[in-house]
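Chain by chain, the residues run as shown.
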Amino acid sequence: MPVPLSKKFTLNDLRSARSTGNKIAMLTCYDFTTARLMQEAGVPMLLVGDSAANVILGYDSTLPVSLDFMIEITAAVRRGAPHAFVIGDMPFGSYHASIGQAVRNVCRMVKETGCDAVKLEVSDGQGRMVCALADAGVAVVAHLGLKPQSVGLLGGYKFQGRTAHEAKDILASALHMEDAGAAMILLEAVPPEIASAVVEQTSVPIIGCGAGPACHACVIVTQDGLGLTPHRPRFVPTLTDLSGPLRDAFAEYVQSVATGSYPAAEHDYVMPPAEKAAFLKSLKCEEPPF
Ligand code: KIV
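As the structure is a prediction and not an experimental result, all values here were calculated from the model.

What counts, and at which threshold
- Residues numbered from 1 in each chain as written.
- Predicted model: local features only at pLDDT ≥ 70, side-chain atom pairs only at ≥ 80, totals over all residues.
- Heavy atoms only, no water.
- Near = heavy atom within 4 Å.
- Polar contact = N/O pair within 3.5 Å; in protein donor to acceptor, adjacent residues only side chain to side chain.
- Areas by Shrake-Rupley, 256 points an atom, 1.4 Å probe, with all protein chains shown as cover.
- Nonpolar A, V, L, I, M, F, W, Y, C, P; charged D, E, K, R; others polar.
- Axes fitted to C-alpha atoms, helices over the stretch in contact; angles between N-to-C directions.
- Helix = DSSP H or I, 4+ residues; strand = E, 2+ residues; numbered from the N terminus.
- Left-handed = near helix turned anticlockwise from the far one by under 90°.
- Contact = heavy atoms within 4.5 Å.
- Patch = residues over 30% accessible without salt bridge, like charges linked within 9 Å, V, L, I, M, F, W, Y side chains within 5 Å.
- Salt bridge = Lys/Arg side-chain N within 4 Å of Asp/Glu carboxyl O.
- Buried < 20%, exposed > 50% of the residue type's maximum accessible area, 1.4 Å probe, protein only.
- Pairing = 2+ DSSP bridges.
- Right-handed = clockwise from strand over helix to strand, strands pointing away.
- Core = buried A, V, L, I, M, F, W, Y, C linked by side-chain atoms within 4.5 Å.

(A) Structural context of the site of the ligand. In the vicinity of the ligand, the contacting residues are T28, L47, G49, D50, S51, D89, K119, H143, L186, E188, C209 and V221. D50 has a polar side-chain atom sitting 2.9 Å from an oxygen atom of the ligand. The protein chains hide 95% of the 260 Å² of surface that the ligand would expose on its own. Along the lines of polarity and charge, the residues of the shell around the ligand split into 4 nonpolar, 4 polar and 4 charged.

Right, here's the structure in full:
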């Protein structure tokens, strides 16, 4: 039986989970209706990821999605799940020009959506930016490992930390981001040994996305888990397969309209009988309009 979120899940709840060892589920979410269902199902953390570029808008990378679009959908998720911890994702280009630009745009995201934290794909050179955001009072999620916004530089969507050297770099970046004031670190597509080392050597909550079992919270792209995307990454569990039932339901609707079985009498709005009679009579008496 689902246990709906009855009170607000906060950063302190996530920090407590880090100390108690309770694992926290997080899903991506991009709209009001799904957010409402997720809150009813007891999902404590929702990420409004820039993966919206792929699964909502149909782009083949996350790069084209705009800040305005991310703000609009993050606000919708907030309205749908007021008790969940909602993380807004900063899209490519919205925080790269200067620290001033980053602070302005992140403050817009927070003010206009009511999100609880913001996520940025960061590199070591952006420590001062993370520090400025933390100084502004923003809970920053520092996204490390596979960073889809850097697909051009990475040469594809491959798991990160393939060599001891790369693994040490990811660990060093995590320590650097914690020092800079990041409230959480998200590790995407890295081997579990790296995540374990990050968990052991830092004191902030670590969110894994294909990073093994040591992380304090786990996130997946919801559409992957529901079987709605053509390629599911290897770390994503099958929650259910909705593609077949949805396709069947759409096909059934097409058929029912084509055959005239829909709409039927039970779908009609009903006029009061006297009004209906008067209307039908007027059709017979009145002159045609032309
Ligand atoms: O945009 C997103 O959905 C993400 C997750 C895959 C971590 O960044």
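(B) Region of interest: the packing of helix α6 (residues 127-135) against helix α8 (residues 164-180). Two elements in contact, α6 and α8, have axes whose closest approach is 8 Å; the angle formed by their N-to-C orientations is 35 degrees. For the pair α6 and α8, the crossing hand works out as right-handed. Judged by residue contacts, G127, V130, C131 and A134 of α6 engage H176, M177 and A180 from α8.

(C) A nonpolar patch on the surface, seen in detail. On the surface, L228, L242, L246 and F250 cluster together to form a nonpolar patch covering roughly 340 Å² of accessible area. When you line up the elements, L246 lands in helix α11 (residues 243-259).

(D) A look at the pairing of strand β5 (residues 140-145). Judged by how many residues are buried, β5 sits mostly within the fold: 6 of 6 residues are covered. Side chains V140, A142 and L144 project from β5 onto one buried face, and the interleaved V141, H143 and G145 project onto a second face that is buried too. Two elements, strand β4 (residues 117-121) and β5, share 4 bridges in a ladder whose sense is parallel. Within β5, the residue paired with V118 across the bridge is V140. With α6 bridging β4 and its parallel neighbour β5, the resulting β-α-β unit is right-handed. Strand direction decides the pairing type here: β5 and strand β6 (residues 184-188), joined by 5 bridges, are parallel. Paired with H143 across the two strands is L186, which belongs to β6.

(E) Structural view of the nonpolar core. In terms of nonpolar packing, the biggest core is built from 57 residues, with L46, L120 and L187 touching the most fellow members. Ranked by size, the runner-up nonpolar core spans 20 residues in total, among them L14, A183, I207 and C209.

(F) Broad picture of the pattern of salt bridges. Applying the stated criterion across every chain, the model contains 6 salt bridges. The salt bridge involving R108 is made with D68; its shortest N-O contact spans 2.9 Å. Here the residue R108 occupies a position in helix α5 (residues 99-113), and D68 occupies one in helix α4 (residues 67-80), the gap between them amounting to 40 residues. Under the relative-accessibility criterion, R108 is labelled partly exposed at 30%. A salt bridge links E112 to R108; the shortest N-O distance between them is 2.9 Å.

(G) Main features of the sheet that holds strand β1 (residues 24-28). Spatially, β1-β2-β3-β4-β5-β6-β7-β8 is the arrangement adopted by the 8 strands of the closed barrel, whose pairing is parallel. For this sheet, the mean angle separating the axes of adjacent strands, direction not counted, is 25 degrees. The pairing of β1 with strand β8 (residues 217-220) spans 4 bridges and is parallel. Residue pairing across strands places M26 opposite V219, the latter belonging to β8.

(H) Examining unusual backbone geometry more closely. For the bond from Y262 to P263, the omega torsion is -5 degrees, close enough to zero to count as cis. Among the secondary structure elements, P263 is positioned in the loop between α11 and α12 (273-285). We note that A189 has phi near 50 degrees; this positive angle belongs to a residue other than glycine. Relative to the elements of secondary structure, A189 occurs in the loop between β6 and α9 (192-201).

(I) Quick peek at the pairing of strand β7 (residues 206-209). In β7, alternate side chains face the same way, and those of I206 and G208 on one face and I207 and C209 on the other are all buried. Direction of pairing for β6 relative to β7: parallel, over a ladder of 4 bridges. By the bridge assignment for β7, L186 is matched with I207. Note on the crossover from β6 through α9 to β7: the handedness is right-handed. As defined by bridge partners, β7 adjoins β8 across 2 bridges and the pair is classed as parallel. Bridged to G208 within β8 is C218.

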